[in-house]
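Residue-level structure breakdown
As a plain string of letters, each chain reads:
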Amino acid sequence: MMKDEQAQMIILAGIIIAIGIVLLAIIVNTAALSGERTIRQELSDVNYDFKCLKDTYGDVLKRAASESGGNPFDAANYPKYEQQLIEICASEGYALAFDNRTYAGTNATVTITFSDGETTYIETKTYELG
């Protein structure tokens, strides 16, 4: 009789330990997936903000081109527009720089550097203005 009770206690303890291990594995797995989603979401947010910036900058170039009658980089207000974009991005925690500006016919090309301190995007983009 005593051996049956001991066997039942050992089996019960084994079941409790197995359930504990399974629950611990579920918790660790859930935490890992949650962290992975957070990292992916953050990268996705930076990527989305960069895409929106490129679209907005295209609008700035089109407006500057219409003001100057051609080359957007010659427009009187172009530096002000560009500075406003830099300041807006800085207020959101991003660093932004525009380099290698060229204008040919109806196309404006610029190299955009966009960073949140950890992820940096550098892209040379050509905008069709006309």
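The preceding data block contains the structure.
To keep things clear, this report deals only with the structure shown in the data block. Note that this is a predicted model, so its numbers are computed, not measured.

A separate point is the packing of aromatic side chains. Taken as a whole, this structure holds six aromatic pairs when the rule is applied. Plain terms: the ring middles of Tyr57 and Phe98 are 4.2 Å apart, the flat faces sit at 15° to each other, and that makes the pair stacked. You can see Tyr57 sitting in helix 1 (residues 2-68) and its partner Phe98 sitting in strand 1 (residues 95-104), a full 41 residues away along the chain. When its relative accessible area of 0% is taken as the criterion, Tyr57 is described as buried. Consider the rings of Phe73 and Tyr78, whose centres lie 5.3 Å apart with planes at 85°: the pair is edge-to-face.

Structurally, Ser66 is set in helix 1. Judged by its relative accessible area of 58%, Ser66 is exposed. Here the alpha-carbon distance between Ser66 and Leu129, two residues 63 residues apart in the chain, equals 8.9 Å. In this structure the side chain of Ser66 is engaged in a polar contact, spanning 2.8 Å, whose partner is the backbone oxygen of Arg63.

About the criteria used
- Residues numbered from 1 in each chain as written.
- Predicted model: local features only at pLDDT ≥ 70, side-chain atom pairs only at ≥ 80, totals over all residues.
- Heavy atoms only, no water.
- Phe/Tyr/Trp six-rings, centres within 6.5 Å; stacked < 30°, edge-to-face > 60°.
- Helix = DSSP H or I, 4+ residues; strand = E, 2+ residues; numbered from the N terminus.
- Buried < 20%, exposed > 50% of the residue type's maximum accessible area, 1.4 Å probe, protein only.
- Polar contact = N/O pair within 3.5 Å; in protein donor to acceptor, adjacent residues only side chain to side chain.

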